[in-house]
Amino acid sequence: MDDNQDSIMRYKSSKLRENFSAKASLEYNGEYFMTGRDFLEAWITDDYYEKEKIELYDSEYNVLIESVKVAENPSFDMLFAATALISYPDYIFLRSILQRPDDLSLKSFQMLDLDLNGFISLDEYYSLCKMFTKNDEGDPKKHLKTTLRVLLFDHTDNEKITMQKFEQLLKDVQTNCIKAEFNRYRQKENRPDMISVQGFMRAILRRTKVTPIQRARFIDKSEVYTELDAITLDQFRSMISLLNNFSDFEVAVRMYQIAKKPLAREVFKRAAFISSGEKIDDTVVDILFYIFDEAGDGHLSHSEFVNIMKEMETNVASQQRGNHTIGHYFRKCVRNEMIRSYA
């Protein structure tokens, strides 16, 4: 990387470190840790806050690590329990696979597999941390064991991440984060298994860069929408999948932009399925068209929807500096690291 890119990466690193340190609730041996609950709370909350730290005794830390059960086909759901320990390198790793669609996350596996043997070793795993921090933080010996480290590499640190294990991790992480965000907005009384249309719209808009005035206008429109009063988890999941693959959606509808033709409902649904593999429910499509069709013509123009959604943010980790997000520099740094390993 040149000096300018390096300075941007250091800026990103400081923001990531600041966010992690503030929202971690545990401390042991001079190192901060998030619990699984801390991670989910940080993921679904945009506001900055600082948690009071609880210092672990040696016996408490050992119990938390020794209680991690390693299976041949592990479930990573326990990573989000109140007893899970997540370090700063774990935090970087989890966020990096959360803020890009599935196909790019699997490419991330291939890029982190520096020796191209089909596995990610412990050293290769910590190389991701080295890209965002000072060099000695890429040394596994500099870090204590965590729940994720044991689940991935066993208590012995001798196991490796296979593509199958990586895919399972990706699935479990995304599922738990989507459920946590859904629960943040769900209706507590009459329909506890659903969220309101207003909550649904807030979840979508928190991923965008709309102005406060635009946000208020869209929320106001959602509050007077009467055709549907609640959204299910499956409907919510399909919409998040579309947002996670929105660059592909933009490509799918680009011909309409070039021809200056607005999107009809059927075109929207077909493009959503092609780009995300998800069938967006008709009722969800109706909500999107009602909220974002500002011309009132029953269609969505490029400016009404695509321009609003295409520059999505993901909390603090994707704050922009210049024209690039942390995901851009993540991929660039991984490529550079792989090239250096063969130089």
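Because the structure is a prediction, the values reported are computed rather than measured. (Residues numbered from 1 in each chain as written. Predicted model: local features only at pLDDT ≥ 70, side-chain atom pairs only at ≥ 80, totals over all residues. Heavy atoms only, no water.)

Focus on the nonpolar core
Quick reminder of the rule: In these notes, a set of buried Ala, Val, Leu, Ile, Met, Phe, Trp, Tyr and Cys residues joined through side-chain atoms within 4.5 Å is what counts as a nonpolar core. Summary of the burial criterion: residues with accessible area below 20% of their type's maximum are buried, those above 50% are exposed, and those between are partly exposed, where the area comes from a 1.4 Å probe applied to protein chains only. Helix numbers and strand numbers start at the N terminus; a helix is a DSSP run of H or I with at least 4 residues, a strand a run of E with at least 2. Whether two residues are in contact is decided by their heavy atoms, any of which lying within 4.5 Å being enough.
Grouped together as the largest cluster of nonpolar side chains are 49 residues, with contacts concentrated most on Phe39, Leu94, Tyr125, Leu148 and Leu169. The greatest single-element share of this core, amounting to seven residues, is contributed by helix H4 (residues 88–98). Aside from chain neighbours lying at most four places away, what touches Phe39 is Met34, Phe80, Ile86, Tyr91, Leu94, Arg95, Leu98 and Cys177. Formed by 42 residues, the second largest nonpolar core is a distinct cluster that contains Val197, Ile219, Leu263 and Met309.

Quick word on the packing of helix H9 (residues 197–205) against helix H10 (residues 212–223)
Here is the rule: Each axis is a line fitted through C-alpha atoms, taken for helices only over the stretch in contact, and angles between the N-to-C directions span 0 to 180 degrees. Throughout this description, any angle smaller than 35 degrees is read as roughly parallel, any larger than 145 degrees as roughly antiparallel, any in the 65 to 115 degree range as roughly perpendicular, and the remainder as oblique. Here a crossing is taken to be left-handed if its near helix is turned anticlockwise relative to the far helix by less than a right angle, and right-handed if that turn runs clockwise. Throughout this entry, Asp, Glu, Lys and Arg are counted as charged residues, while Ala, Val, Leu, Ile, Met, Phe, Trp, Tyr, Cys and Pro are counted as nonpolar. The remaining residues, Gly among them, count as polar.
Between H9 and H10, the least distance of the axes is 8 Å, while the angle of their chain directions is 155°. Classified by the angle between their axes, H9 and H10 sit roughly antiparallel to one another. H10 is crossed by H9, and the crossing has right-handed handedness. In contact with Val197, Gln198, Met201, Arg202 and Leu205 of H9, H10 contributes Arg215, Phe218, Ile219, Ser222 and Glu223. Per-class residue counts for the contact of H9 with H10 are five nonpolar, two polar and three charged.

Focus on the confidence of the model for the protein chain
Going by this rule: Per residue, pLDDT measures the predictor's confidence, with a range of 0 to 100.
Looking at the protein chain, pLDDT values average 81 and 79% of them are 70 or higher. Overall, residues 7–11 carries pLDDT values under 50, and its contacts beyond four positions in sequence, including any with other chains, amount to 12 contacts. pLDDT under 50 marks residues 337–343. Its contacts with residues more than four places away, or in other chains, come to 11 contacts.

Details of the sheet that holds strand E3 (residues 54–55)
Put simply, the rule is: Note on pairing: DSSP must find at least two bridges between two strands before they are called paired.
Strand order in the open sheet formed by three strands is E2-E1-E3, with mixed pairing between adjacent strands. Where the open sheet ends on each side, the last strands, each with one partner, are strand E2 (31–33) and E3.

With respect to the side chain of Ser276
Definition in use: Here a polar contact means two N or O atoms within 3.5 Å. Within protein one must be a hydrogen donor candidate and the other an acceptor candidate, and residues neighboring in sequence count only if both atoms are side-chain atoms.
Examined against the element boundaries, Ser276 turns out to sit in helix H14 (residues 265–276). In terms of polar contacts, Ser276 uses its side chain to reach the backbone amide nitrogen of Glu278, at 3.2 Å.

Thoughts on the packing of aromatic side chains
To keep things clear, this is the line we draw: Stacked, tilted and edge-to-face are the three classes applied to pairs of Phe, Tyr and Trp rings, where Trp contributes its six-membered ring and a pair requires centres within 6.5 Å; stacked means planes under 30 degrees apart, edge-to-face means over 60, and tilted covers the rest. By definition, being over a ring means that NZ of Lys or CZ of Arg is both within 6 Å of the ring centre and within 35 degrees of the ring normal.
Enumeration according to the criterion identifies 22 aromatic pairs in this entry. A centroid spacing of 5.4 Å and a plane angle of 70° characterise the contact between Phe292 and Phe305, whose relative ring orientation is edge-to-face. A residue pair is termed long-range when its members are at least 10 positions apart, and Phe292 in helix H15 (residues 282–292) and Phe305 in helix H16 (residues 302–309) qualify at 13 residues. Taken together, Phe218, Phe246, Phe249, Phe268, Phe289, Phe292 and Phe305 form an aromatic cluster joined through their ring pairs. If you follow Arg17 out to its NZ or CZ, it ends over the ring of Tyr88, 3.9 Å from the centre. Here Lys53 stacks its cationic end above the ring of Tyr32, 5.1 Å away from the centre of that ring.

What to know about the pattern of salt bridges
Quick note on the threshold: Think of a salt bridge as a Lys or Arg side-chain nitrogen and an Asp or Glu carboxyl oxygen that are within 4 Å of each other.
Scanning all chains against the criterion turns up 10 salt bridges. We note a salt bridge from Arg206 to Glu181, for which the minimum N-O separation is 3.1 Å. Of this pair, Arg206 sits in the loop between H9 and H10 while Glu181 sits in helix H8 (residues 163–185), and the two are 25 residues apart along the sequence. Assessed through its relative accessible area of 10%, Arg206 is described here as buried. On the accessibility criterion, Glu181 (1% relative accessible area) is buried.

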